[in-house]
Amino acid sequence: MIRVIYEWHVSRGNLQEFSEAWEQTTVLVREIYQGAHGSTLLQDGSRADHVLTIARWNSEEDWRNFWTSDNPPEIMKMSKLGNLLSVKVYEELGHYISK
């Protein structure tokens, strides 16, 4: 498993619409692309215009295949509503959820 962390700058006026576009994108990506396991949206508590989206994928190959395909229009919508600052890929060494 990998986690892909996207760092965004989203103006306060666009946060709600960005959040909606992110949710639509996450649903479509999970339905269409092999290896996609959803995403998390986080907002910085001290900087409201700074958000992270963290996607979980089976492998870096699955994630790269997603980016080389025809992406859902919501991806473009997110990019119009926010400025993508960085993308980093991390290998998941562990994942624990307490009961």
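Computed from a predicted structure; not experimentally measured.

K.L.:
Would you mind showing me how to read the overall build of the chain here?
P.N.:
When its secondary structure is counted, the chain shows 3 helices and 4 strands. Along the chain, helices (α) and strands (β) appear in the sequence β-α-β-β-α-α-β when read from the amino end. Whereas a compact globule of 99 residues would reach a radius of gyration of roughly 13 Å, the chain reaches 13 Å, a difference of no more than 12%. Structurally, the chain occupies a C-alpha span of about 35 × 35 × 25 Å along its principal axes. Expressed as a percentage of the 99 residues in the chain, the buried residues total 35%. For the chain, contacts bridging at least 24 residues in sequence account for 72% of all contacts bridging at least 6. Measuring between centres, the 10 positive side-chain charges of the chain sit 5 Å from its 14 negative side-chain charges.

K.L.:
Mind showing me how you'd approach the pattern of salt bridges here?
P.N.:
Pairing of side chains with opposite charge becomes possible as their charged atoms draw close. On inspection of all chains with the given rule, the structure shows 4 salt bridges. One salt bridge in this structure joins glutamate 17 and lysine 77, with 3.8 Å as the shortest N-O distance. Of this pair, glutamate 17 sits in helix H1 (residues 15-32) while lysine 77 is found in helix H3 (residues 73-81), placing the two residues 60 residues apart along the sequence. With relative accessibility at 35%, the residue glutamate 17 sits in the partly exposed group. Looking at lysine 77, the relative accessible area reads 35%, which means it is partly exposed. A cluster of three or more residues bridged by salt bridges with shared partners is formed by Arg3, Arg56 and Glu92.

K.L.:
What should I look at first to understand the pairing of strand S3 (residues 50-57) in this one?
P.N.:
Side chains on a regular strand alternate between the two faces of the sheet. Of all 8 residues in S3, 7 are buried; the element is thus mostly enclosed. Strand direction decides the pairing type here: strand S1 (residues 2-9) and S3, joined by 8 bridges, are antiparallel. Along S3, the bridge assignment pairs isoleucine 2 with tryptophan 57. Of the pairings in the sheet, the one linking strand S2 (residues 36-43) to S3 comprises 6 bridges and is antiparallel in character. Paired with alanine 36 across the two strands is tryptophan 57, which belongs to S3. Remark: 6 residues form the turn of the hairpin made by S2 and S3, two consecutive strands paired antiparallel.

Parameters and conventions
Residues numbered from 1 in each chain as written. Predicted model: local features only at pLDDT ≥ 70, side-chain atom pairs only at ≥ 80, totals over all residues. Heavy atoms only, no water. Helix = DSSP H or I, 4+ residues; strand = E, 2+ residues; numbered from the N terminus. Rg over C-alpha atoms; globule rule 2.2 N^0.38 Å. Buried < 20%, exposed > 50% of the residue type's maximum accessible area, 1.4 Å probe, protein only. Contact = heavy atoms within 4.5 Å. Lys, Arg positive; Asp, Glu negative; His and termini not counted. Charge placed at Lys NZ, Arg CZ, Asp CG, Glu CD. Salt bridge = Lys/Arg side-chain N within 4 Å of Asp/Glu carboxyl O. Pairing = 2+ DSSP bridges.

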